[in-house]
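Tertiary structure, described
Listed below are the residues making up each chain.
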Amino acid sequence: MWPGGRVPEDGDDAVIPPEWKVLLDISTANLAFHIKGDLIVNETGRSITAERIWVQGQLIAGSEDQRLTDFKINLTGGRNSPSLVLGEFLDVSNKAIGVTGNLTLYGRLINIVGTRLVAPALAGDNIIKVAEDVSSDWRVGDEILLLPTQRTPREYETRVITEINGQLITLDRSLSYFHWGSESVVTTPYGDLDMRGEVVHLTRSIEIEGTREDNWGRRVYVTQIYNQELKTYFKRRVIMDG
């Protein structure tokens, strides 16, 4: 039972004491979280919204055997929002997750995180061919990133998959730039050189997002701090898988 018999509301400082193990079965209001005990998320479709979060205990979402298909941590605030201070003096700014305990997140498992083009992709094309059959791993609706292969580093582009047929991927829009691809790598006297365009899978089922006030970004700060009273270090542990 939360203190006062009510669930924390927008603007509240929500503290989970060390002896508590809280199962999150709702999406939260906009809070300031200090997790000294355990906060467990084992249902998909939940979200945590907060200006700042200190994971001094454990924040665990999903497991290797029960991965979450939709979970979000939304960090709010702007440049002048209150800072997150870890311990007595460690200011890690605002719109932040500070981890001195255990942050473990298990989302959708992606086996092929990135692959290469095995045929040139021309400006105007909307079908690309990649090195592996990604049909059992990537999905229609997923977002991918094509990295540049020419001299201009800004010729990267993101597209959404509309169809997958083995190694062939159909995109939602035609490409704006040329991306080099080939069945084989370049062989030099010093060894093989793979200059083929990289295609990276971007979509994740667990997301840490920030609101857009002041164009101020969110951050995850992982560290250890010394507790003078207990004469020990709080050691951090982070697993982000999917």
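As shown above, the structure is provided for reference.
Note that the structure is predicted; figures quoted are calculated from it, not measured. (Residues numbered from 1 in each chain as written. Predicted model: local features only at pLDDT ≥ 70, side-chain atom pairs only at ≥ 80, totals over all residues. Heavy atoms only, no water.)

**Structural notes on the side chain of T49**
Locating T49 in the fold gives a position in strand β5 (residues 46-55). Accessibility expressed as a relative area gives 15% for T49, which makes it buried. Contact partners of T49, with chain neighbours within four places excluded, come to T28, A29, N30, L31, N74 and T76. (Helix = DSSP H or I, 4+ residues; strand = E, 2+ residues; numbered from the N terminus. Buried < 20%, exposed > 50% of the residue type's maximum accessible area, 1.4 Å probe, protein only. Contact = heavy atoms within 4.5 Å.)

**Remarks on unusual backbone geometry**
For S93, which is not glycine, the phi dihedral falls at a positive 70°. Along the chain, the position of S93 falls in the loop between β9 (90-91) and β10 (96-99).

**Observations concerning the sheet that holds strand β12 (residues 114-116)**
Strand order in this open sheet of 6 strands is β12-β19-β14-β15-β16-β13, and the pairing throughout is antiparallel. Each of the sheet's edge strands pairs with one partner strand only, and the pair in question is β12 and β13 (127-129). Put simply, the sheet's adjacent strands are angled 40° from each other on average, direction ignored. Sheet topology places strand β14 (residues 143-146) next to strand β19 (residues 198-201); 3 bridges connect them, and they run antiparallel. If you follow L146 over to β19, its bridge partner there is V199. (Pairing = 2+ DSSP bridges. Axes fitted to C-alpha atoms, helices over the stretch in contact; angles between N-to-C directions.)

**A short note on the nonpolar core**
With 26 residues, the main nonpolar core has F33, L39, I53 and F71 as its most contacted residues. Of all the elements, β5 adds the most residues to this core, at 4 residues. Contacts of F33, omitting those with residues within four sequence positions, involve A14, I16, T28, L39, I48, A50, R52, I53 and W54. In this structure, I112, L171, L175 and V199 belong to the second largest nonpolar core, which totals 16 residues. (Core = buried A, V, L, I, M, F, W, Y, C linked by side-chain atoms within 4.5 Å.)

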